[in-house]
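Observations on the model geometry
Chain by chain, the residues run as shown.
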Amino acid sequence: MSPRGELHHVELWVEDLDTAESSWAWLLDELGYTRFQTWASGQSWLRGATYIVLEASPAARAARHDRLRPGLNHLAFSGGRRTEVDDLVTRAAEHGWSLMFADAHPYAGGPQHYAAYLENADGFEVEIVAADD
């Protein structure tokens with residue numbers, strides 16, 4: 001199959017690169033990404049042909065990401081088996097992520113959708129979706 005239409009990269013602008021890196025590096029490493037590039041105001045992680053960039057751009061207009069405003073709401077990642085998703089949730093708080101919708105976890109997305117919804121200190125949300133067991 002042609003790679004046409006596949007996601008090439010995502011660039012996330014953050015207020016403070018060190019703060020963002022502390023949560024994102026752990027999560028991306030856990031999901032099989034490897035550090036790809038590093039420069040003064042940013043860094044990226046690569047998995048296959050897709051890479052994710054964190055950048056503290058001086059052109060950013062706001063200090064904090066707001067997932068409830070128009071634009072990016074969240075990124076969703078395949079998280080492997082349910083036990084692997086559960087393991088990420090257990091360790092997420094140690095790395096700057098908090099569990100969202102805890103009262104409905106792990107079915108906050110519906111009774112047939114096993115996933116974890118996590119938010120970091122910068123207000124970014126990720127959804128970690130379990131494969132059907």
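As a reminder, the structure under discussion sits directly above these lines.
Now for a description of the structure that goes with this document. (Residues numbered from 1 in each chain as written. Predicted model: local features only at pLDDT ≥ 70, side-chain atom pairs only at ≥ 80, totals over all residues. Heavy atoms only, no water.)

1. As for helix α1 (residues 17-30)
Rules: To qualify as a helix, a DSSP run of H or I must reach at least 4 residues; to qualify as a strand, a run of E must reach at least 2; elements of each kind are numbered from the N terminus. A helix's residues, less one, multiplied by 1.5 Å, set its expected span. Accessible area is worked out with a 1.4 Å probe on protein chains only. A residue is then buried under 20% of its type maximum, exposed over 50%, and partly exposed in between. In protein, a polar contact means a hydrogen-donor-capable atom and an acceptor-capable atom, both N or O and within 3.5 Å, with residues adjacent in sequence counting only if both atoms are side-chain atoms; elsewhere, any N or O pair within 3.5 Å suffices.
Taking 1.5 Å as the rise per residue, α1 with 14 residues should run 20 Å; its terminal C-alpha atoms sit 19 Å apart, in good agreement. Among the residues making up α1, those that are buried are L17, A20, S23, W24, A25, W26, L27 and L28. Its side-chain oxygen at 3.3 Å from the backbone nitrogen of D18, D16 defines the N-terminal cap of α1. A positive backbone phi angle near 95° is found at G32, which sits one or two residues after α1.

2. Structural notes on the side chain of R67
To be explicit about the condition: Contact between two residues is taken to exist if any of their heavy atoms lie within 4.5 Å; hydrogens are not considered.
Of note, R67 is situated in the loop between β4 (50-55) and β5 (74-78). Judged by its relative accessible area of 17%, R67 falls in the buried class. Contact partners of R67, with chain neighbours within four places excluded, come to L72, N73, M100, F101, E119, G123 and E125.

3. Details of the pattern of salt bridges
In plain terms, the rule: When a carboxyl oxygen of Asp or Glu lies within 4 Å of a side-chain nitrogen of Lys or Arg, that pair is called a salt bridge.
For the structure shown, the criterion picks out 5 salt bridges. Taking the shortest distance from any N to any O, the salt bridge between R91 and E30 comes out at 2.7 Å. Pair noted here: R91 is in helix α2 (residues 82-92) and E30 is in helix α1, with a separation of 61 residues, a long-range link. For E84, the salt bridge identified is with R81, shortest N-O distance 3.7 Å. Judged by relative accessible area, which is 34%, E84 ranks as partly exposed.

4. Section: the sheet that holds β5
Rules: Here, a strand pair is defined by DSSP locating no fewer than two bridges between the strands. Interaxial angle, 0 to 180 degrees, is taken between N-to-C directions of lines fitted to C-alpha atoms, where a helix line uses only the stretch in contact.
Spatial ordering of the open sheet is given by β5-β8-β7-β6, a layout of 4 strands whose pairing is mixed. With one partner strand each, in any of the chains shown, β5 and β6 (97-99) form the two edges of the open sheet. Adjacent strand axes in the sheet meet at a mean angle of 30° when their direction is disregarded. In the sheet, β5 pairs with strand β8 (residues 125-129) via 5 bridges, with the strands oriented parallel. The partner of F77 across the bridge, within β8, is I128. Packing against the sheet, α1 makes contact with β5, β6, β7 (115-120) and β8, and its axis sits at approximately 70° to β6.

5. Overview of the packing of aromatic side chains
Note the cut-off: Within 6.5 Å between ring centres, the rings of Phe, Tyr and Trp (the latter by its six-membered ring) count as paired, and their orientation is classed by plane angle as stacked under 30 degrees, edge-to-face over 60, tilted in between.
For the coordinates displayed, the defined rule picks out 6 aromatic pairs. For the pair W24 and W97, a centre-to-centre distance of 5.2 Å together with 85° between the ring planes defines the contact as edge-to-face. Placement of the pair is W24 in helix α1 and W97 in strand β6, with a sequence separation of 73 residues. Accessibility expressed as a relative area gives 2% for W97, which makes it buried. The interplanar angle of 70° and the centroid separation of 6.0 Å between the aromatic rings of W24 and F124 together place this pair among those described as edge-to-face. Placement of the pair is W24 in helix α1 and F124 in the loop between β7 and β8, with a sequence separation of 100 residues.

6. Notes on the nonpolar core
Note the cut-off: Residues grouped as a nonpolar core are buried Ala, Val, Leu, Ile, Met, Phe, Trp, Tyr and Cys residues, joined through side-chain atoms within 4.5 Å.
Within the largest apolar cluster, 29 residues are counted, with the highest numbers of intra-cluster contacts made by W24, F77 and I128. Every element with two or more residues in this core is listed here: β1 (9-13), α1, β4, β5, α2, β7 and β8. Element by element, the count of residues in this core is highest for α1, at 7 residues. Among residues more than four places away in sequence, those in contact with I128 are L27, L31, F77, G79, V85, L88, Y114, A115, A116 and L118.

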